[in-house]
Amino acid sequence: MFDTKIAIIIRDDLATWQKLNVTAFLTSGIIAQSPAIIGEAYRDAADNVYNPMSIQPIVVLTADQETLRTIHRRTLERNVTASAYIEEMFATGHDAANREVFARFTPDNAKLVGLALRSDKKTVDKICKGAKMHP
């Protein structure tokens, strides 16, 4: 049905609240990159209006730190733009602080906790090799 695939990969040792927080932030990056994936508003039987959501399913995967680094390297090698969240961002309180702390690290020394990407299905599958379905 879709030529593309959206995958979010979350580091496996995070607390539940961190996994949920990171997933939400990473998803917003995918939406910002591809606003056309947002569908129409939802309406219930009482004609209440709800926010539109993604028209495309999102796969949430899990990986250890080393696998996450490998996935990150693959996104860079294939020029696939990804959303990235690092450990230090948990200690900040707003977007500007997030970007400031993020800019201090390179792909080699960043303590990644999550990545999200959208590309053609085969590319996403190759990039995400080693990650597992989130339990």
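Use the structure listed above.
The shown structure was predicted, so the numbers you read here are calculated from the model rather than taken from an experiment.

Asker: Explain the pairing of strand 6 (residues 112-120) to me, please; I cannot follow it from the model alone.
Answerer: The side chains of a regular strand alternate between the sheet's two faces. In terms of burial, strand 6 is largely enclosed, as 7 of its 9 residues are buried. Examined bridge by bridge, strand 1 (residues 4-11) and strand 6 share 7 bridges and lie antiparallel to one another. Bridge pairing in strand 6 places Ile8 opposite Ala116. Judged from the 5 bridges that link them, strand 5 (residues 82-86) and strand 6 form a sheet pairing that is antiparallel. If you follow Ile86 over to strand 6, its bridge partner there is Leu112.

Asker: Looking at this structure, I do not really get the nonpolar core. What am I missing?
Answerer: The nonpolar side chains of a soluble globular protein tend to be buried with one another. The biggest cluster of nonpolar side chains holds 29 residues, and the ones touching the most others in it are Ile9, Leu26, Leu117 and Cys128. Those elements that place two or more of their residues in this core are strand 1, helix 1 (16-33), strand 4 (58-63), helix 2 (65-77), strand 5, strand 6 and helix 4 (121-127). Setting aside anything within four residues of it in sequence, one finds Leu26 in contact with Ile8, Ile10, Ser83, Ala84, Tyr85, Gly114, Leu115 and Ala116.

Asker: What is the right way to read helix 1 from this model?
Answerer: Along an α-helix, residues three or four apart share an orientation, since each turn contains 3.6 residues. Taking 1.5 Å of rise per residue, the 18 residues of helix 1 would be expected to cover 26 Å, and the 26 Å separating its terminal C-alpha atoms lies within 8% of that figure. Along helix 1, the residues classified as buried are Gln18, Lys19, Val22, Thr23, Leu26 and Ile30. The buried side chains of helix 1 occupy one side of the element, clustering within an arc of 125° when seen end-on. When the buried face of helix 1 is taken as reference, the exposed residues oriented beyond 90 degrees from it are Trp17, Leu20 and Ala32. Close packing links the buried residues of helix 1 with strand 1, strand 5 and strand 6.

Asker: Explain the pattern of salt bridges here, please?
Answerer: Where charged atoms from two side chains of opposite charge come close, those side chains can pair. For the coordinates displayed, the defined rule picks out 8 salt bridges. Between Arg11 and Glu87 there is a salt bridge, and its shortest N-O distance comes to 2.8 Å. On the criterion of sequence distance, the pair formed by Arg11 in strand 1 and Glu87 in the loop between strand 5 and helix 3 (95-102) is long-range, its members being 76 residues apart. What makes Arg11 buried here is its relative accessible area of 6%. Across the pair Glu88 and Lys111 runs a salt bridge whose closest N-O atoms are separated by 3.1 Å. Of this pair, Glu88 sits in the loop between strand 5 and helix 3 while Lys111 sits in the loop between helix 3 and strand 6, and the two are 23 residues apart along the sequence.

Cut-offs used in this document
- Residues numbered from 1 in each chain as written.
- Predicted model: local features only at pLDDT ≥ 70, side-chain atom pairs only at ≥ 80, totals over all residues.
- Heavy atoms only, no water.
- Buried < 20%, exposed > 50% of the residue type's maximum accessible area, 1.4 Å probe, protein only.
- Helix = DSSP H or I, 4+ residues; strand = E, 2+ residues; numbered from the N terminus.
- Pairing = 2+ DSSP bridges.
- Core = buried A, V, L, I, M, F, W, Y, C linked by side-chain atoms within 4.5 Å.
- Contact = heavy atoms within 4.5 Å.
- Expected span 1.5 Å × (residues − 1).
- Arc of directions from axis to C-beta.
- Salt bridge = Lys/Arg side-chain N within 4 Å of Asp/Glu carboxyl O.

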